[in-house]
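# Survey of secondary and tertiary structure
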Amino acid sequence: MQYSITEYIDKTAFIKEWWESGDDVTLIMRPRRFGKTLTMSMLEYFFSIRHAGRRDLFDQLSIWQDEKYHALQGAYPVISLSLADVKGVNYRDTCVKICQILTDLYSQNYFLLESGILTEPERAFF
């Protein structure tokens, strides 16, 4: 006999808890294999303008029961940065890998220059 059970644990309460904390900076520390990347991906998919209109990802989850969060979904430019794959054998190789990640981020978010979201100083810095 073969069983197939798929269970999902709704972690979207974290979005509400984090948003309502009002913190300027949040440091998320967990042991290895404890869901840090999954949590960051959830935040990105919830807030990022790249995923605007993706109500289907959240409409059966706890965050969607509070209507004030509907307006937050897909409302912000989100830049996600992971250094997990930076494993250089020396300082120079490590710097090259980090620079490549940053270059890729700028390329992926180039649309921000034309979006009207950035202030003039932010555009100049970009």
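Quick note: structure is the one above.
Residues numbered from 1 in each chain as written. Predicted model: local features only at pLDDT ≥ 70, side-chain atom pairs only at ≥ 80, totals over all residues. Heavy atoms only, no water.

For helix 3 (residues 91-108), spanning 18 residues, the distance from its first C-alpha to its last is 26 Å, which sits close to the expected 26 Å at 1.5 Å a residue. The opening residue of helix 3, the one whose side-chain oxygen lies 3.2 Å from the backbone nitrogen of R92, is N90. (Helix = DSSP H or I, 4+ residues; strand = E, 2+ residues; numbered from the N terminus. Expected span 1.5 Å × (residues − 1). Polar contact = N/O pair within 3.5 Å; in protein donor to acceptor, adjacent residues only side chain to side chain.)

This next bit is on the environment of D85. Along the chain, D85 falls in the loop between helix 2 (36-47) and helix 3. Spatially, the C-alpha atom of D85 lies 9.4 Å from that of I98, the residues being 13 residues apart in sequence.

With that settled, consider the nonpolar core. In terms of nonpolar packing, the biggest core is built from 10 residues, these being I15, M42, L43, F46, F47, F58, I63, W64, Y69 and L72. Sort the elements by how many residues they give to this core and helix 2 lands first, with 4 residues. With residues up to four places along the chain from it excluded, the contact list for W64 reads F46, R55, F58, D59, Y69, H70 and Q73. (Core = buried A, V, L, I, M, F, W, Y, C linked by side-chain atoms within 4.5 Å. Buried < 20%, exposed > 50% of the residue type's maximum accessible area, 1.4 Å probe, protein only. Contact = heavy atoms within 4.5 Å.)

What follows is about the packing of aromatic side chains. Scanning the entire structure with this criterion turns up 9 aromatic pairs. Seen from their ring centres, W18 and F47 are 5.8 Å apart, and the 65 degrees between their planes marks the pair as edge-to-face. Separated by 29 residues along the polypeptide, W18 in helix 1 (residues 13-21) and F47 in helix 2 bring together distant segments of the chain. Ring centres of W19 and F47 lie 5.3 Å apart, and the angle between their planes is 25 degrees; on these two criteria the pair is classed as stacked. One end of the pair, W19, is in helix 1; the other, F47, is in helix 2, with 28 residues separating them in the sequence. The exposure class assigned to F47 is buried, which follows from its relative accessible area of 6%. (Phe/Tyr/Trp six-rings, centres within 6.5 Å; stacked < 30°, edge-to-face > 60°.)

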